[in-house]
Amino acid sequence: MDPVTLWIVIGSVVLAAFVVVGVLAVRRRAQLQRGRGTAQLPGRLGAGGRADGGGGRSGVGVDERPAGDAGPATDDDLVEAELLPFERPESRESRLARFRRRLAGTDTPLSRGLLTLLSRDRIDEDTWEDFEDVLITSDLGVGPTTELVASLRAQLRVDGVSDPARARQILRTELVRLVDPTLDRTVHADRGDVPAVIMVVGVNGTGKTTTVGKLARVLVAEEKDVLLGAADTFRAAAADQLATWGDRVGVPTVRGAEAADPASVAFAAVKAGIEQEVDTVLIDTAGRLHTKTGLMDELGKVKRVIERQAPVTEVLLVIDATTGQNGLTQARTFREVVDITGIVLTKLDGSAKGGIVVQVQRELGVPVKLVGLGEGVDDLAPFDAEVFVDALLDAG
């Protein structure tokens, strides 16, 4: 090979190397600007990472690698993580549209009862009694049912529905009033002087950890920097499950060893969030039976430990909408321990009877803020009173 050709080959190789390095640098810089890059968070939290503020190892660390990789992060891991594309969650508007479609496609006792009332040419006493029975069995509750029937009787009278469109409008107005669109359904996740801290609580099997993962997607779609705290240290797969949700949208997870003190993990997560100036820290907690006093007291401890560093801006209680009265009993107990600020109703698109939305708000005095509509990654939607009522009437 002559010298000229040799220099051309060498120059081409060097140029290609510069191009590759440049592409990697641009991708790394873009990730760091999002505030979710691996290099921004410590691999382990040392002294101060314990709930008591003491030194020593707490067994709590920040995990930004795919769940199941238990080894220490290497430079190759970091480069590989940077090249993985993150998913882009759906917008609020898209979720609301799905909320309406999913509910309108369900056949619930409540929607069937509404259809019965609207389909009658004349409403007699038997019709009212049947309608009242349907409302009660749809988990609306005795108080709200009595209130709704009395108001409808006064407006429709006993001479029937001469104008179906007018009757439908009256019914819609009364249902919207019961669901109460004036309640503040905002999930308070905006950063102040310190990150907003959201605790998510509930009994086993309600979809709590999945809800935390889906909520992280909601917040990422709103351009928030999020950090997850895996304080469910009792269920072996909980931390891995949560980390997997975070990995999909570039959100780091603070986790501890199995059976570690949940308060220590929550403390470390908030500490990391403060140090990294994230917008929101989401804390997953262990599912617990509301009848277990010791476990409920521990939940109160987790909240108190968090508040040594930052106020808890939201405590969201996850309730399976299909559990009816049992879900309300759970809610009352959790409210006494951790001061619930909002409700997340899961499985609202399944066999749920719909009326629980009204009753749980009346019982707890706090709003339903989010609803789970299925198994999809973006099937967590903001609750909207008017969209909910319109969907019920469309289903009917």
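Residues numbered from 1 in each chain as written. Predicted model: local features only at pLDDT ≥ 70, side-chain atom pairs only at ≥ 80, totals over all residues. Heavy atoms only, no water.

### Remarks on the nonpolar core
This is how the line gets drawn: Only buried Ala, Val, Leu, Ile, Met, Phe, Trp, Tyr and Cys residues count toward a nonpolar core, and they belong to the same one when joined by side-chain atoms within 4.5 Å. Under the scheme applied here, a residue whose accessible area is under 20% of the maximum for its type counts as buried, over 50% as exposed, and between as partly exposed, the area being computed with a 1.4 Å probe on protein chains only. In this analysis, two residues are considered to be in contact whenever any of their non-hydrogen atoms come within 4.5 Å of each other.
Ranked by size, the top nonpolar core spans 71 residues in total, and within it Met199, Ile283, Ile306, Ile340, Ile343 and Leu345 carry the most contacts. When near neighbours in sequence (up to four residues on either side) are disregarded, Met199 contacts Ile283, Thr285, Leu299, Val302, Lys303, Ile306, Val312, Glu314, Val315 and Leu316. Counting 22 residues, the second largest nonpolar core, distinct from the first, contains Val218, Leu282, Leu316 and Leu370.

### Some thoughts on the environment of Glu277
Selection rule: By the criteria applied, helices consist of DSSP H or I runs no shorter than four residues and strands consist of E runs no shorter than two, each listed in order from the N terminus.
Take Glu277: it is sitting in the loop between helix H10 (262–275) and strand E5 (280–285). According to the relative accessible area criterion, Glu277 is exposed, its value standing at 55%.

### Considering the packing of helix H5 (residues 125–137) against helix H6 (residues 142–156)
Put simply, the test is: All axes here are fitted lines through C-alpha atoms, helices being fitted over the stretch that makes contact, and every angle between N-to-C directions spans 0 to 180 degrees. By the definition adopted for this analysis, an angle is roughly parallel if under 35 degrees, roughly antiparallel if over 145, roughly perpendicular if from 65 to 115, and oblique otherwise. By definition, any crossing whose near helix is turned counterclockwise from its far helix by less than a right angle is left-handed, and any crossing with a clockwise turn is right-handed. Asp, Glu, Lys and Arg are counted as charged, while Ala, Val, Leu, Ile, Met, Phe, Trp, Tyr, Cys and Pro are counted as nonpolar; the rest, among them Gly, fall into the polar class.
Interhelical geometry of H5 versus H6 gives an angle of 150 degrees and a closest axis separation of 10 Å. Classified by the angle between their axes, H5 and H6 sit roughly antiparallel to one another. Remark: the crossing between H5 and H6 carries right-handed chirality. Touching Glu125, Trp128, Phe131, Glu132, Leu135 and Ile136 of H5 are Thr145, Leu148, Val149, Leu152, Arg153 and Leu156, all from H6. Partitioned by chemical class, the residues of the contact of H5 with H6 number eight nonpolar, one polar and three charged.

### Looking at the pattern of salt bridges
Using the following cut-off: In the sections that follow, a salt bridge refers to a side-chain nitrogen of Lys or Arg positioned within 4 Å of a carboxyl oxygen of Asp or Glu.
Taken as a whole and judged by the stated rule, the model has 19 salt bridges. Among the ionic pairs, Arg177 bridges to Glu174, the shortest N-O distance being 2.9 Å. Of this pair, Arg177 and Glu174 both sit in helix H7 (residues 164–179), three residues apart, roughly one helical turn. A residue is classified by how much of its surface remains accessible, and Arg177, at 38% relative accessible area, is partly exposed. With a relative accessible area of 8%, Glu174 lands in the buried category.

### Focus: the packing of aromatic side chains
Where we set the bar: Working definition: rings of Phe, Tyr and Trp (its six-membered ring) pair if their centres are within 6.5 Å, and the pair is stacked with planes under 30 degrees apart, edge-to-face with planes over 60 apart, and tilted otherwise.
Going through the model one piece at a time under the given rule, you end up with two aromatic pairs. Seen from their ring centres, Trp128 and Phe131 are 6.3 Å apart, and the 65 degrees between their planes marks the pair as edge-to-face. Of this pair, Trp128 and Phe131 are both found in helix H5, three residues apart, which corresponds to roughly one turn of the helix. Overall, the relative accessible area of 4% leaves Phe131 in the buried class. Between Phe383 and Phe388, the aromatic rings sit 5.3 Å apart at their centres with planes inclined by 50 degrees, giving tilted as the arrangement. The class for Phe383 is buried, based on a relative accessible area of 4%. A relative accessible area of 3% places Phe388 in the buried class.

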